[in-house]
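If you want the building blocks of each chain, they are given just below.
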Amino acid sequence: MIDLKDISFGYSSESLILNKLNFKLFKGSRIGLTGSNGSGKTTLFHIIMGLVKPLSGRLKIFDRQVNEEKDFLPVRRKIGLLFQDADDQLFSPTVLEDVAFGPLNLGKTREEAIEISLKTLEYLGLKGFEEKITFKLSGGEKRLVSLATVLAMKPKILLLDEPTTGLDDKTKSRLMEVLLNLDLSYIIISHEIDFLLKTTDHIYALKNGKTSLKTDLHTHIHSHPHINHKRTV
Amino acid sequence: MICEPFANGNSLIHRIDPRLRVLFATLFSFVTALSRQFPVLFAAITVSLVIFFLAGLNSWAVVKRLAVISGFNILIWMILPVTFGKEPFFYIGSISVSMPGVILSAQITLKSYAILLAFISLVSTISFSTLGHVLSRLYIPERIVYLLLMAYRYVFVIEQEYSRLLKAAKLRGFCPGTNLHTYRTYAYLVGMLFVRAIMRSDRVHQAMLCRGFCGKFYSINRFSSSRADWFLSLFMTVVIFVMVFLEWT
């Protein structure tokens, strides 16, 4: 679904953050991504979404070459990116308006958008949050509402950028449950190996601008049973 | 930071279509501001008081808001009667108080209270986000509306960031005084705030792009009409016509 080849990125050609990186995401894969601070994890997501342009390399998404801004428009409709800071994602005054923003951009009518939004909120256990004011939500609520705004667009792939930072254990396990029940491919950036072990099939580490499979953890992963009653939103 | 103490309520005024409320509050303010005749101004303040009672707001909170304008009015009463106009009306000691000055002060006072009361009762009873959509329905340019809504959304975040930075400074022993170090620290703080605000706006824009934003905003709000709408429309139309009639004939 996503195919990155020889992607390089950096703010100057001497110090590259990503150095001829190759990366592939197949349908149904759930991938965890770790790496030290500033190793380019977020940049990788932004390259996939077309928010920053790589210096060199080839990027194929859904078997189509994407280069320019206009190529990325359909990509953004099918890939949902959850930002590190929920305050960046929630910009509308009320929760319902924010969740409906995506579907409305996809050309849905007002009624359809509201229906999708209400369903998504209910699915995430946020029933009754519609009229709440976004900046008055707690950190955990903000995170789940952000996830709702992304899921409301019915993406094929989810990119989650440190979804667990600042969450308490209860919200974390709620998030885990939601992720495992989704019938989606996703990539999660996180420093919490425990969380990744439970939610992903493979964990990669980003180091010196390249990804490598964390094989030492790999055997560990499959000892956890997967929840199989998958559901789409 | 911004609280909306009047936005939640269930009075007759709260049930009226917000578009009508904004429209009539604006018309009423214009007519009141342009009037000079005392009967008209007294009518205006009476109408404002009636609307205020219909809105069922907490009187004390409203009085506190009016206190802001009262300060200005007191200043006007202190300055205008003794400086404006020539013919003396009466004397306080050796200071002559002029009639036109007193009249002008009285007009300003009545106008300011009437307009402010009408706005508090009609417009501040609308929540901020609804107000944004109302303005876009009233054909205010979208850019201005969204500037307003975004400012409302992020002013809190920026305030939080400011207090976080200030706290961090205080925790390291910063106590403001009248010296260069204090000014420099505050300058850094404000500068940092600007940098962060710009970076945040970039990220918000990216987040919007990721959700299919192509430069157009859609609104999900719809306003329903009720019988209270007819009541307000009729009442305000009559009031405004009578005021215009009294003033300009």
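A.B. asks: Would you mind going over the environment of A:Leu167 with me for this structure?
C.D. replies: Inspection of the secondary structure assignment puts A:Leu167 in the loop between strand 7 (157-161) and helix 7 (169-180). Measuring from C-alpha to C-alpha, the distance between A:Leu167 and A:Glu68 comes to 36 Å, with 99 residues separating the pair along the chain.

A.B. asks: Explain helix 8 (residues 180-210) of chain B to me, please; I cannot follow it from the model alone.
C.D. replies: With 31 residues, helix 8 of chain B ought to run about 45 Å at 1.5 Å a step, and its terminal C-alpha atoms sit 45 Å apart, in line with that. Here helix 8 of chain B has its buried residues at B:Thr182, B:Thr185, B:Leu189, B:Leu193, B:Arg200, B:Val204, B:Gln206, B:Ala207, B:Met208, B:Leu209 and B:Cys210. Check the buried side of helix 8 of chain B and you find it contacts helix 1 (41-49), helix 2 (69-78), strand 6 (79-82), helix 3 (86-89) and helix 4 (95-105) of chain A together with helix 7 (142-171) of chain B. Where helix 8 of chain B ends, the next residue or the one after it, B:Gly212, has phi of about 80°, a positive value.

A.B. asks: I keep staring at unusual backbone geometry and nothing clicks. Help me out?
C.D. replies: Among all residues save glycine, negative phi is the norm, and among peptide bonds the norm is trans. Phi is positive for A:Asp63, close to 60°, though the residue is something other than glycine. Inspection of the secondary structure assignment puts A:Asp63 in the loop between strand 4 (56-61) and strand 5 (64-65). If you check the backbone angles, B:Tyr139 has positive phi at about 65° while not being a glycine. Mapping B:Tyr139 onto the fold places it in the loop between helix 6 (128-137) and helix 7. A relative accessible area of 76% places B:Tyr139 in the exposed class.

A.B. asks: Help me out: how do you make sense of the sheet that holds strand 3 (residues 30-34) of chain A in this one?
C.D. replies: All names here are of chain A. Strand order in this open sheet of six strands is 6-7-8-3-9-10, and the pairing throughout is mixed. Each edge of the open sheet carries a strand with a single partner, namely strand 6 and strand 10 (210-213). Between one strand axis and the next, the sheet turns by 20° as a mean value, whatever way the strands run. Relative to strand 7, strand 6 is paired through four bridges, and the arrangement is parallel. Bridge pairing in strand 7 places Ile79 opposite Ile157. Each of strand 6 and strand 7 touches helix 2; the most contacted strand, strand 6, lies at about 70° to it.

A.B. asks: Quick question: what am I supposed to make of a positive patch on the surface here?
C.D. replies: Taken together, A:Lys27, A:Arg64, A:Lys78 and A:Lys156 make up a surface patch of like positive charges. A relative accessible area of 43% means that A:Lys156 is categorised as partly exposed.

A.B. asks: How do you make sense of the sheet that holds strand 5 of chain A when you look at a structure like this?
C.D. replies: Adjacent strands of a sheet pair through backbone hydrogen bonds, lying either parallel or antiparallel. All names here are of chain A. Taken in spatial order, the four strands line up as 2-1-4-5 in an open sheet, and their pairing is antiparallel. Strand pairing shows two members of the sheet lacking a second neighbour, strand 2 (16-25) and strand 5, which therefore form its edges. As paired elements, strand 4 and strand 5 share two bridges and run antiparallel to each other. Across the sheet, Lys60 pairs through a bridge with Gln65, a residue of strand 5. Contacts between helix 1 and the sheet are confined to strand 1 (2-10), strand 2 and strand 4, with strand 1 contributing the most and set at about 120° to the helix.

A.B. asks: Explain helix 5 (residues 110-123) of chain A here, please?
C.D. replies: An α-helix turns once every 3.6 residues. As a result, residues three or four positions apart point the same way. All names here are of chain A. Taking 1.5 Å as the rise per residue, helix 5 with 14 residues should run 20 Å; its terminal C-alpha atoms sit 20 Å apart, in good agreement. The complete set of buried residues in helix 5 reads Ala113, Ile114, Ile116, Ser117, Thr120, Leu121 and Tyr123. Where helix 5 is buried, its residues touch helix 4, helix 6 (139-151) and helix 7. Directly beyond the C-terminal end of helix 5, a positive phi value near 75° is found at Gly125.

A.B. asks: Even after reading the chapter, I still don't get the interface of chain A and chain B, so can you show me in this structure?
C.D. replies: Where the parts come together, the accessible area they lose is often given as the size of the interface. At the interface, 32 residues of chain A touch 27 residues of chain B. Carbon and sulfur atoms make up 61% of the surface buried where chain A meets chain B, a total of about 2800 Å² over both sides. The interface formed by chain A and chain B contains five salt bridges. We note a salt bridge from B:Arg200 to A:Asp88, for which the minimum N-O separation is 2.8 Å. Where the side of chain A that touches chain B is concerned, the elements lending two or more residues are helix 1, helix 2, strand 6, helix 3, helix 4 and helix 5 of chain A. Examining the composition of the side of chain A that touches chain B, we find that nine residues originate from one element, helix 4 of chain A, more than from any other.

A.B. asks: Looking at this structure, how should I read the packing of aromatic side chains?
C.D. replies: Each aromatic ring pair is summarised here by two numbers: the centre-to-centre distance and the angle between the ring planes. In this structure the tally under the stated criterion is twelve aromatic pairs over all chains. A network of ring pairs unites the aromatic residues A:Phe135, B:Phe128, B:Tyr152 and B:Phe156 as a single cluster. Here the basic side chain of A:Lys78 rests over the ring of A:Phe62, its NZ or CZ set 5.1 Å away from the ring centre. Directly above the ring of A:Phe129 sits A:Lys132, whose terminal nitrogen or CZ lies 4.2 Å from the centroid.

A.B. asks: For this particular structure, what's the right way to read the pairing of strand 1 (residues 88-92) of chain B?
C.D. replies: Strand residues, when the strand is regular, have side chains that alternate between the two faces of the sheet. Residues and elements named next belong to chain B. As judged from the four bridges shared by strand 1 and strand 2 (residues 95-98), these two strands associate in the antiparallel manner. Opposite Ile92, over in strand 2, you have Ile95 as the bridge partner. Counting the residues in the hairpin turn of strand 1 and strand 2 gives two residues, including Gly93, whose phi is positive at 60°.

Definitions and limits used
- Residue positions are given per chain, counting from 1 as you read along its sequence in written order.
- Ligands are numbered from 1 and chains lettered from A, in the order in which they are written.
- A pLDDT threshold of at least 70 governs which residues receive local features in this predicted model, and a stricter bar of 80 or more applies before side-chain atom pairs are shown or counted, although totals over entire chains, interfaces and linings include all residues.
- The basis for every side-chain value is the complete set of heavy atoms in the structure, and neither hydrogens nor water enter the calculation.
- In this description a helix means any DSSP run of H or I spanning at least four residues, a strand means any run of E spanning at least two, and both kinds are numbered starting from the N terminus.
- The span expected for a helix works out to 1.5 Å for each residue beyond the first.
- The classification of residues rests on relative accessible area computed with a 1.4 Å probe and restricted to protein chains. Under 20% of the type maximum is buried, over 50% is exposed, and intermediate values are partly exposed.
- Every residue pair with non-hydrogen atoms within 4.5 Å of one another is taken to be in contact.
- In this analysis, strands are considered paired if DSSP registers two or more bridges between them.
- Axis lines are fitted through C-alpha atoms, for helices just across the contact stretch, and the angle between N-to-C directions can take any value from 0 to 180 degrees.
- Within the patch definition used here, like charges are joined within 9 Å and nonpolar side chains (Val, Leu, Ile, Met, Phe, Trp, Tyr) within 5 Å, considering only residues with over 30% relative accessible area and no salt bridge.
- For every accessible area listed, the method is Shrake-Rupley and the probe measures 1.4 Å; residues are considered covered only by the protein chains on display.
- We define a salt bridge as a side-chain nitrogen of Lys or Arg found within 4 Å of a carboxyl oxygen belonging to Asp or Glu.
- Note on charges: Lys and Arg go in the positive column, Asp and Glu in the negative column, and His and the chain ends are not counted at all.
- Working definition for charges: the position is that of NZ of Lys, CZ of Arg, CG of Asp or CD of Glu.
- Buried area: the sum, over both parts, of the accessible surface (1.4 Å probe) that disappears when the two are put together.
- A pair of Phe, Tyr and Trp rings is counted when the ring centres sit within 6.5 Å of each other, with Trp represented by its six-membered ring. The angle between the planes then sorts it: under 30 degrees is stacked, over 60 is edge-to-face, the rest tilted.
- Lysine and arginine charges are scored as sitting over a ring when NZ or CZ, respectively, is within 6 Å of the ring centre and within 35 degrees of the ring normal.

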